[in-house]
Amino acid sequence: MKQKVTNQTRRKMLIGGAAAASTPLWLNVANAQADTIKIGFPTPLTGPFSAEAQDQVKAAELAIKEFNDAGGFNGRKAELLVRDDKLNPGEAATRTLELIEKDKVNYLVGSLSAATQLSINAVCKERKVLFNSISQSDAINEAKDWSVYTFHESLNPTMTAGAVARYSIPRYGKKIVFLTADYAYGHEMVRAFERAGKELGATTLADIRHPLGASDYSAFLPRIKALNPDILVLCNFGRDLVNAAKQCTDFGLKSSMKIVTPVLLYTARLAGGPEAFEGILGGTGYYWGLEDRIPTAKAFNDAFRKMYNGSVPSDYGALGYAGIKSVLASIKIAKSTETMKVVSAMENLKYDWYKGPEYYRKCDHQAVQTVIIVESKSKNMKDKYDVFNILTIEPTTEKNMRSCAELGHKA
Amino acid sequence: MTGLTFELLCMQLLTGIALGSIYALLALGLCLIFGMLNVVNFAHGAFFMVGAFIGVYFLGVTGNFWFSLLLTPLLTGCLGLLTERFLVRPLYGRGLDYPLLLTFGLSYVLIEVMRITFGIEGLPSITPDGLGGSINVGIGYFPKYRLFLIAATALIILGVWFLIQKTRYGLIIKAGAADQEIVKVLGVDIAKVWLLVFGLGCAIAGLSGILASPTRSVNPEMGVPILAESFVVTVVGGMGSPVGAVVAGLLVGVVYSMTSLFFPDLAELSIFVLMAVVLLIRPQGLFGKAGAMG
C-alpha cells in the first residue's frame, strides 16, 4: 500500500513538472483528502499539439481552484489528475482505463484530437463514466459512438467550418479549393464546409489532400494557383496550418484568392507570426478579445491573468476551463457525485462560463454555442496577445448543427 | 488533369528544385560524415533543427539575416566538433551500430534541450528583408526567397566541391576516405581530419536549418521528418557519394513535386517508391560504390 502511494506521488510530481510547474495547486494534491472529487484529464502534453494541451491544463486548474476556493461540494474538494496521452489513441485508452481503475476518478474531461477522444469515449462508455470532451469531432455525437455518459463541450467541424462557409462564401465567391490534411478531422472539416456551401451555391474545384504532418506544401501550390479559386480553405490544424499559411503567403496566393480556415487557433497564430497569417480568417470557440463585449469573458481572462502572470487563455484553454466547470457545477446542482444524477443535471444545465449562454442539446449532449469568426491582424497590434480582429459572432442556434435524427438519435 | 499547361509544369519543376535544394544540402553533410568516418549520423536532423533555432533566435536579436547565416554554421559546427571529440570518437572501430545509436540518442537530447530553452511552440521565423514576396520569373510568380535558396545552395555546394577537389585538405579527406592507414603512415593526424569533417557536416546541417527556416515553422520536432527524407536521398545517391547526394537531393525534390501535381496524396510515398526502384536497379545507389555500408 505504501509503495502504491509513493508511485502515485511520483507520477503527480512528474506531471506537475511537465505541465504546470508554476501553479501552486500541486500543494492541494499533497494534502488532498481521501474523498476528493477526482477528475481524470488525458491530453497530449507531448507532440505537435502540446502547446494547446498545456493551455488546456492551465485553464482546467483554474476551474478546479475556483471550485475549491468556493468551498467545494459539501466540503469535498476537487482534484485534477492530468495524464499525457501522447496524441495516441492506444495510449489514451490505456491512461483512461488506469485513471478509472487504479486512480478511481469520478469523471473524465479532456483530450485534443478526434481519434484520441473517440478512444477515451469508448472506454468511458463501457465503464459508464461521464466524459466531457473538449476537442473537436463530429463522430463523437453520432449514435454509434455516443453514450448517455458522453458530453461534448467543444465545437465540432459542422459548426465551425459551417460558420466560416456562411461568412466567407457570400463575401468572396463560390469557387472553392480545399487543401486538406488526410485524416478524419481534415475530412470532417471539408464535409462540413461543403454542406454549408451547397446551400449557398458553392462549387468545389478540387480537394487536395496532403499527408498529416507534411512540412512543405509548396508542391501543391502552383496547381492551386492555376485552379484560381475564389476561396482556398486550409483544412489542417496546428503546425500543418502554420506551415501551409506561411507557404501560401510566400507563393503570393493571397493576391488572387481569399484564404480561410475552419479553425483559426490562437496558438497557431502565435507560432506562425503576423506575416504568415495576415488576412486569413477562420472560426474559433473563443478569443480573449471577447472581453470587451462579454462580461464572463472578462472575468475568465482576469482570473487567468492573475494565476498565470498576465498571459491570456487560448481557445483550447477556454475549453479546458468550461469542461471542468460544467461537471463541477452539475455536482452542486445534483447535490450528488453519483454519475447518473450528474448526467441529468448537466443535461439541464444552462451556463455561461466564458463566452455567453450555452447549454447541452438533449439528444447528443453537444454544447450549443456561438462560433466566433476572427481575422488575423498584422498591423496596429497593442501587444503580443493582440492577434485577431473579431469579424462577427454567429449566434447560438441548433439550426446550424446536424439534426438529432441525422446523427441517428431517436429524440 | 485539366488545365495542365507548360507554365504549370515549369513552375512545378522549379518548386521541386527549391524543395530538393534543402534535401541536397542535408544529404551532403550526412554523406561527408559517412564517407569519411563511417558514421551514420542520426543526429543530423537535430543539427538542422538546432541551426534553425539558433539562426532565428539571433535574427530576432540582431535583425540581420546575413549575420545569422554566418554565425549559425559556426555554432552548429562547434557543437559538431564537441560531439565528435567527446561522444563519437570513443566509439570508433566498434562498427556502424554504436555511433548510430549514440547519435540517435543525441538527437533526442538536442530536441529536449531546445524544448526547454525555447518552449514547445518554437519560434516564428522571419523572411529576410528584400526577399519576401514573389517575383515574375517568366512563367509566373515564384517566391523570391526560394530562388535565393536555390542560389545559396548552389554556392554552398560549389564551395564544398572546391574544398574537396581543389585544396590540400580535400586531398587528405579523399585519401582518408579511401585508405586511412596509408594517410596515417604519411604522417597526417587523421583524428584531426575526422574532427573537422564531422564539424563541417554539422555546420552544413545547421546552415540548411537557418536557410530552410523562412519557408517552414521552427519547432523542436522539425528535424525528424526531414532526417528520414535525407536518408532516402543519401541512399538513392549512394552512401558516401557527395555528387550522389546533390543529384539525388534534387531528384527527390522534383519527384515529390511532380507527384504532388498529379496524385497529391501519393506525394509522400513517391520518394520511397523512387528509393525502392533505384535500389532494385542499382543496389549501391546512383553514384555509390558497391559495398559502401560494409
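Let us look at the structure shown here. (Residues numbered from 1 in each chain as written. Chains lettered and ligands numbered in written order. Predicted model: local features only at pLDDT ≥ 70, side-chain atom pairs only at ≥ 80, totals over all residues. Heavy atoms only, no water.)

## Focus on the overall build of chain B
Across its full length, chain B holds 11 helices and two strands. Moving toward the C terminus, one meets the helices and strands of chain B in the order α-α-α-α-β-β-α-α-α-α-α-α-α. Its C-alpha radius of gyration of 19 Å places chain B within 12% of the 19 Å reference for a compact globule of 294 residues. Over its C-alpha atoms, taken along the principal directions, chain B stretches across nearly 65 × 50 × 35 Å. By residue count, 52% of the 294 residues in chain B fall in the buried class. Relative to all contacts within chain B whose residues are 6 or more apart in sequence, the contacts with residues 24 or more apart total 77%. For chain B, the exposed area adds up to about 12,700 Å²; of that, 71% sits on carbon and sulfur atoms. Separation between the mean location of the 14 positive side-chain charges and that of the 13 negative ones in chain B comes to 12 Å. (Helix = DSSP H or I, 4+ residues; strand = E, 2+ residues; numbered from the N terminus. Rg over C-alpha atoms; globule rule 2.2 N^0.38 Å. Buried < 20%, exposed > 50% of the residue type's maximum accessible area, 1.4 Å probe, protein only. Contact = heavy atoms within 4.5 Å. Areas by Shrake-Rupley, 256 points an atom, 1.4 Å probe, with all protein chains shown as cover. Lys, Arg positive; Asp, Glu negative; His and termini not counted. Charge placed at Lys NZ, Arg CZ, Asp CG, Glu CD.)

## A few points about the pattern of salt bridges
Residue and element names in this part refer to chain A. Going through the model one piece at a time under the given rule, you end up with 30 salt bridges over all chains. For Arg191, the salt bridge goes to Asp138, with nearest N and O atoms at 3.6 Å. With a gap of 53 residues between them, Arg191 in helix H7 (residues 184–199) and Asp138 in the loop between strand E4 (130–133) and strand E5 (150–152) connect regions that are remote in the sequence. The class for Asp138 is buried, based on a relative accessible area of 1%. (Salt bridge = Lys/Arg side-chain N within 4 Å of Asp/Glu carboxyl O.)

## Quick word on the state of the cysteines
Residue and element names in this part refer to chain A. A complete count under the given rule lists one disulfide over all chains for this structure. Disulfide partner of Cys363: Cys404, at an S-S distance of 2.0 Å. The sign of the S-S torsion, about -80°, decides the handedness of the disulfide formed by Cys363 and Cys404: left-handed. One end of the pair, Cys363, is in the loop between strand E12 (358–360) and strand E13 (367–368); the other, Cys404, is in the segment after strand E15 (388–394), with 41 residues separating them in the sequence. Left without a disulfide partner, Cys248 is nearest to the cysteine sulfur of Cys235, which lies 12 Å away. (Disulfide = S-S within 2.5 Å.)

## A word on the interface of chain B and chain A
The interface is formed by 32 residues belonging to chain B together with 29 residues belonging to chain A. For the pair chain B and chain A, the summed buried surface comes to about 2,700 Å²; carbon and sulfur atoms form 54% of the total. Counting the surface chain B buries against chain A, the share from its top three residues, Ile120, Glu121 and Arg216 of chain B, is 19%. If you look at where chain B meets chain A, you find three salt bridges. A salt bridge links Arg239 of chain A to Glu221 of chain B; the shortest N-O distance between them is 2.6 Å. Joining chain B to chain A, the criterion identifies 10 residue pairs in polar contact (both at pLDDT 80 or more). (Buried area = accessible area lost by both parts, 1.4 Å probe. Polar contact = N/O pair within 3.5 Å; in protein donor to acceptor, adjacent residues only side chain to side chain.)

## Details of the pairing of strand E14 (residues 371–376) of chain A
All names here are of chain A. For E14, a buried count of six out of six residues is recorded, marking the element as mostly surrounded by other parts of the structure. The two faces of E14 match: Val371, Ile373 and Glu375 on one face and Ile372, Val374 and Ser376 on the other face are all buried. Bridge count for strand E10 (residues 281–284) against E14 is four bridges, and the pairing is antiparallel. Directly across from Gly283, in E14, lies its bridge partner Ile373. Pairing analysis gives six bridges linking E14 to E15, with the strands arranged antiparallel. Within E15, the residue paired with Ile373 across the bridge is Thr392. (Pairing = 2+ DSSP bridges.)

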